[in-house]
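Here is what each chain is made of, one letter per residue.
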Amino acid sequence: GAARRNLAFSRLTLALESLINAGVGIVQAWPLAARACGSPAIERAVKKSMPLMEDGHMPADVIQKQPIFPSYFTGLYQTGEASGRMDHMLSRMHAHYHEEGLRKMKHFSFWAPNALFGAIAIFVAISIVRFYMDHFKKINDAMQ
């Protein structure tokens, strides 16, 4: 879950950066980037925030009120908005979330097969013990 969420934020920031660099207004860029990120939860949060953005509220203030956006994201976004270096901050966030998402995916892909192997080994061990317990019980019953 965390890996997918980080990769969704990575795609969101990349899409926002690309749209802003292409000359799309920030208010128009948000719903397009949210749709492009592939996360229905982010898309719903942005859709919910759009009326406030369209009324002239700063996007940094609006997204800060949405619980889906982590403090790292909202903090850097607000810094980029205030400093006028939004493209730099979005690029920085993209790199951060992309690296975090890949790191968590690698961690999962390392531990998941090991956990599966462990579960299979335990199942086999239990099956062997049950077999021999039943076998010895039948021998014991036959001797009585």
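Residues numbered from 1 in each chain as written. Predicted model: local features only at pLDDT ≥ 70, side-chain atom pairs only at ≥ 80, totals over all residues. Heavy atoms only, no water.

Peer 1: A description of the packing of aromatic side chains should follow, citing residues and the corresponding values.
Peer 2: Given two aromatic rings, their pairing is described by the distance between the two centres and the angle made by the two planes. Scanning the model with the defined rule gives 12 aromatic pairs in all. Ring centres of Phe73 and Tyr97 lie 6.4 Å apart, and the angle between their planes is 50 degrees; on these two criteria the pair is classed as tilted. Within this pair, whereas Phe73 is found in helix α5 (residues 71–83), its partner Tyr97 is found in helix α6 (residues 86–143), the two being separated by 24 residues in sequence. Each of the two residues, Phe73 as well as Tyr97, counts as buried. Linked through ring pairs, Phe9, Trp30, Phe69, Tyr72, Phe73, Tyr77 and Tyr97 together constitute an aromatic cluster. (Phe/Tyr/Trp six-rings, centres within 6.5 Å; stacked < 30°, edge-to-face > 60°. Helix = DSSP H or I, 4+ residues; strand = E, 2+ residues; numbered from the N terminus. Buried < 20%, exposed > 50% of the residue type's maximum accessible area, 1.4 Å probe, protein only.)

Peer 1: Explain the packing of helix α1 (residues 2–21) against α6 to me, and be specific about the residues and the numbers.
Peer 2: Packing of α1 against α6 brings their axes to within 8 Å, and their N-to-C directions diverge by 155 degrees. The angle between α1 and α6 falls in the class roughly antiparallel. For the crossing formed where α1 meets α6, the hand is left-handed. Its residues assigned to classes, the contact of α1 with α6 shows 13 nonpolar, 8 polar and 4 charged. (Axes fitted to C-alpha atoms, helices over the stretch in contact; angles between N-to-C directions. Parallel < 35°, antiparallel > 145°, perpendicular 65-115°, else oblique. Left-handed = near helix turned anticlockwise from the far one by under 90°. Nonpolar A, V, L, I, M, F, W, Y, C, P; charged D, E, K, R; others polar.)

Peer 1: Please give an account of the nonpolar core that cites residues and values.
Peer 2: Counting 28 residues, the largest nonpolar core has Leu12, Leu16, Trp30, Ile42, Phe69, Phe73 and Tyr77 as the members making the most contacts within it. Contributing elements (two or more residues each) for this core: α1, α2 (26–37), α3 (40–54), α4 (59–64), α5 and α6. Element by element, the count of residues in this core is highest for α1, at 6 residues. Among residues more than four places away in sequence, those in contact with Tyr77 are Leu16, Ile26, Trp30, Pro59, Ala60, Ile63, Met86, Leu90 and Met93. (Core = buried A, V, L, I, M, F, W, Y, C linked by side-chain atoms within 4.5 Å. Contact = heavy atoms within 4.5 Å.)

Read these as geometric descriptors, not functional statements.
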